[in-house]
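# Close look at the chain arrangement
Okay, here's what each chain looks like letter by letter:
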Amino acid sequence: MTQDEMKQAVARAAVEYVKGGIIGVGTGSTANYFIDELAKVKGRIDGAVASSEATAKRLKSHGIDVLDLNSVGGMEIYVDGADEITRNFHMIKGGGGALTREKIVAACAKHFICVADQTKLVDVLGKFPLPVEVIPMARSYVARELVKLGGQPKLREGFTTDNGNVILDVHGLSILDPVVLESEINQLTGVVTNGLFARRPADVLLLGTEHGVETYK
């Protein structure tokens, strides 16, 4: 299987978890394949909560109702990809820049189903640069503090999040305790959130491999 075929396979597998109600939908290439598969069973759900403007647009293009998170009581499942994930289900997310809304929607869901291909599975997080969403006026201050934590922050040039903020991509980290680092970075004044999903990890990993989809719980 090619990487795209693996992503399509896990997207199809994730639809099996869609039983009804309202679901949360992530952002990125694998999430896009999931949206395309979800469209085939859209009569099964009452609507979806999107983690980005791009996801909302794709859902609407398939005729799926997009709901404001503040108008719903909660969700059974949230389906999203990862830039890196460990066997403990800790993740780095935010390569597409939607980390804050992804983290909010994931927090509201009873179950987080991560869909990823085998290239995303790692033993230690950090080879993929860690995205940190920052209030623009705090960019330089936060960058200096991230250097103290051992990282090499780089501004994502020409990019603004859906929330109107900037992203610092932090290179050079070897993240041995993602739960602690997630909290430590989030405590920096001016940080909105960072791309570590460790305090609220995935509940299920659907991993696309050359031999098919493997399920980890």
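The structure reproduced in this document is the subject of the present report.

The rules behind each value
- Residues numbered from 1 in each chain as written.
- Predicted model: local features only at pLDDT ≥ 70, side-chain atom pairs only at ≥ 80, totals over all residues.
- Heavy atoms only, no water.
- Patch = residues over 30% accessible without salt bridge, like charges linked within 9 Å, V, L, I, M, F, W, Y side chains within 5 Å.
- Areas by Shrake-Rupley, 256 points an atom, 1.4 Å probe, with all protein chains shown as cover.
- Salt bridge = Lys/Arg side-chain N within 4 Å of Asp/Glu carboxyl O.
- Helix = DSSP H or I, 4+ residues; strand = E, 2+ residues; numbered from the N terminus.
- Phe/Tyr/Trp six-rings, centres within 6.5 Å; stacked < 30°, edge-to-face > 60°.
- Buried < 20%, exposed > 50% of the residue type's maximum accessible area, 1.4 Å probe, protein only.
- Lys NZ or Arg CZ within 6 Å of the ring centre and 35° of its normal.
- Polar contact = N/O pair within 3.5 Å; in protein donor to acceptor, adjacent residues only side chain to side chain.
- 1 Å grid on protein atoms, 1.4 Å probe; cavity = no way out; pocket = protein on both sides within 12 Å on 5 of 7 lines; lining within 4 Å.
- Points joined across faces, edges and corners; volume = space filled by probe spheres on them.
- Nonpolar A, V, L, I, M, F, W, Y, C, P; charged D, E, K, R; others polar.

## Digging into a nonpolar patch on the surface
A grouping of Ile-135, Met-137 and Val-192 is seen on the molecular surface, where their side chains present a nonpolar patch of about 310 Å² in accessible area. Inspection of the secondary structure puts Met-137 in the loop between β7 (130–134) and α5 (139–148).

## Quick look at the packing of aromatic side chains
Enumeration over the complete set of coordinates arrives at one aromatic pair. Measuring from centroid to centroid gives 5.1 Å for Tyr-78 and Phe-112, while their planes differ by 65 degrees, and the two rings are edge-to-face. Taken together, the residues span a long stretch of sequence, with Tyr-78 in strand β3 (residues 75–80) and Phe-112 in strand β6 (residues 109–117) at a distance of 34 residues. Summarising the burial analysis for this pair, Tyr-78 and Phe-112 share the class buried. Here the basic side chain of Arg-156 rests over the ring of Phe-159, its NZ or CZ set 5.3 Å away from the ring centre.

## Considering the side chain of Glu-182
Positionally, Glu-182 belongs in helix α6 (residues 178–186). According to the relative accessible area criterion, Glu-182 is buried, its value standing at 4%. A polar atom in the side chain of Glu-182 sits 3.0 Å from the side chain of Lys-103.

## Here's the deal with unusual backbone geometry
Backbone geometry at Phe-89 places phi at a positive 70 degrees, although glycine is not the residue there. With respect to the secondary-structure elements, Phe-89 resides in the loop between β4 (84–85) and β5 (91–92).

## Considerations on the layout of surface pockets
Of the volumes computed, that of the largest pocket is approximately 270 Å³. For the largest pocket, the lining is made up of 15 residues, of which Val-49, Ala-50, Leu-67, Leu-69 and Arg-101 are closest to its centre. Elements supplying a minimum of two residues to the lining of the largest pocket: β2 (47–50), α3 (53–61) and α4 (99–108). Its residues assigned to classes, the lining of the largest pocket shows eight nonpolar, three polar and four charged. Estimates place the volume of the second largest pocket at around 230 Å³. If you go around the second largest pocket, you meet 20 residues; those closest to its centre are Thr-27, Gly-28, Ser-29, Ala-82 and Asp-83. Broken down by secondary-structure element, the contributors of at least two residues to the lining of the second largest pocket are α2 (29–38) and β6. In terms of residue class, the lining of the second largest pocket is made up of four nonpolar, nine polar and seven charged.

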